[in-house]
Structure formats: structure tokens, C-alpha cells
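The primary structure of each chain is shown beneath.
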Amino acid sequence: MNSTEEARYEQLRKLGQELHIPISETFWELEVRDKDGEVIQSLRQRSHSWVRNAYNHMFSQLAVKNGSNGTFGPGYLNVKDTSGTVRSATGPIGNSNADLDGTAYGCRGPAGDDSWGIQVGSGTNPESFEDYMLQARIANGVGAGQLSYIEQDPHRITYDPGTRVLANVMVRYFNNNSGADIDVNEVGLVMNQPQGGSTVYGKRLQARDKLASTVTVPNTGQLKVTYTIQLTYPA
């Protein structure tokens, strides 16, 4: 974490409250434990990497505007799922009556499912606003180069009345039983939700973050990934 940048964010929170503009922030943390449960590596960064999908989702909900047809990119209100398919809808993007706190939809990936929720990968490409998938997702399993994806923990909501910050903490564990060390260079958050209440259940990358340095999960070790999304309210 950069102390100069953090000081500027503190100023931004206060300015947002003065101007009645909610300020959103995201952090993620990786923690590696060895076979004895000892922490051997940890990394915490501020996420700057919400992608176009996330912004389009936010705009659609705030403006109560349907998704539109068109090429994925500037000026088009749609989303691209992790298969590369561009989706538009007759309703707001992400609008659904599904339970988003469970492990059927939302961001809580179920056990053994590497297609959504918190994901990890080995890709080293720079972050891009147009990212719609991890560069090289590490697959679920116990084979070479694979990690076992554990069911993502329930959402944990906290509120600080002094700072007026509401936060949601998401945690997922990954076990390495592959027989060798595995390097992690990227993390992502993928949402599973119908678009516009349709029957098209796409998996959509919301954020992709390139790690500042490689995190190595040893054989028989465990990786813990935490995403914290917070909003500073003006009142």
C-alpha cells in the first residue's frame, strides 16, 4: 500500500462526503500458508481494476436503463461474459430476483467450481479496462497446475458509523494438492447472474487485478483470497 496514495484517498472520502458523492473503494489480500498452517507469504493491494462490465452494470442500475445491442466498448451499454459473448438485454443489466447471498448466483462460487466467484490465475498480462476473463485461470482440481476451489465464505457486512463506511468482505480458500508449487499472478471477481431477468445465465468478470509480485502456493499449502468492497456514504 502506498502511503501517499492512501492519504489522497482519505482526502477523497472527506470531499465525497462534503459534496454528497459516495466514494467506492476495493481492496484485495492474498495469504499463503504451508502444510503446517504457518503464514509464509502475504500481499495486500488496493484494486484499481473494475472493468467495463462493472461500470456498465452500475450505470444500468443507477440510470434504470436497459442494456443495448452493439459492439462491446465505449458508448455501448452491454456486458461480455467470460466466454467472450457480448450480451444485451430487454431489461437492466444484472437485474434478477435470484438470491445473491447464496452459492447459486452472485459472487459466492460453490465448491469445486472455478467458473465464477473469486478466481486466481497465472497470467502476467497488464490489467486492461476491456478484460472479460483472467488471462490464464488456474483450474479446479488436484492435477498438475491445479488448485482445489473451496466454497466461498458467506458475505460479511460491516459498518463504521464514525467514517460512514459500509463494507462487504468476500473470502475464498484454495488448496494445493497438485504435487508441486503453483504461482499466482492475477486475481479476479466473476459474477454469475441472469441479465435483465432472462434465462441467459452468464458469468461476467467484474474486476481483474495483476499482482505486484508473484504469490507461490506450495504443494499441500493453502491460499486465502479476500476481496473487500466498501462505500463511503455522504450521510
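Residues numbered from 1 in each chain as written. Predicted model: local features only at pLDDT ≥ 70, side-chain atom pairs only at ≥ 80, totals over all residues. Heavy atoms only, no water.

A.B. asks: Could you clarify how one ought to interpret helix 2 (residues 52–63) in this entry?
C.D. replies: Counted at 1.5 Å a residue, the expected span for helix 2 with its twelve residues is 16 Å, and the 16 Å between its end C-alpha atoms agrees. Inspection of helix 2 places R52, N53, A54, N56, H57 and S60 among the buried residues, and these make up the whole buried set. (Helix = DSSP H or I, 4+ residues; strand = E, 2+ residues; numbered from the N terminus. Expected span 1.5 Å × (residues − 1). Buried < 20%, exposed > 50% of the residue type's maximum accessible area, 1.4 Å probe, protein only.)

A.B. asks: It is not clear to me how the packing of aromatic side chains should be interpreted in this structure. Could you clarify?
C.D. replies: In this description, an aromatic ring pair is defined by two values, namely the gap between the centres and the angle between the planes. Going through the model one piece at a time under the given rule, you end up with two aromatic pairs. For the pair Y149 and F174, a centre-to-centre distance of 4.7 Å together with 80° between the ring planes defines the contact as edge-to-face. Here the residue Y149 occupies a position in strand 6 (residues 148–149), and F174 occupies one in strand 8 (residues 165–175), the gap between them amounting to 25 residues. Here R46 stacks its cationic end above the ring of Y9, 3.4 Å away from the centre of that ring. (Phe/Tyr/Trp six-rings, centres within 6.5 Å; stacked < 30°, edge-to-face > 60°. Lys NZ or Arg CZ within 6 Å of the ring centre and 35° of its normal.)

A.B. asks: Which parts of the structure should I look at to understand the pairing of strand 11 (residues 222–232)?
C.D. replies: Across eleven bridges, strand 1 (residues 23–33) lies against strand 11 in antiparallel orientation. Directly across from I23, in strand 11, lies its bridge partner T232. Here eleven bridges tie strand 8 to strand 11, and the two strands are oriented antiparallel to one another. Along strand 11, the bridge assignment pairs R172 with V225. (Pairing = 2+ DSSP bridges.)

A.B. asks: Whenever I open this one, a nonpolar patch on the surface confuses me. Can you help?
C.D. replies: Side chains of L12, L15, L19 and I21 sit close together on the surface and give an oily, nonpolar patch of about 340 Å² of accessible area. Within the fold, I21 resides in the loop between helix 1 (3–19) and strand 1. Judged by its relative accessible area of 43%, I21 falls in the partly exposed class. (Patch = residues over 30% accessible without salt bridge, like charges linked within 9 Å, V, L, I, M, F, W, Y side chains within 5 Å. Areas by Shrake-Rupley, 256 points an atom, 1.4 Å probe, with all protein chains shown as cover. Salt bridge = Lys/Arg side-chain N within 4 Å of Asp/Glu carboxyl O.)

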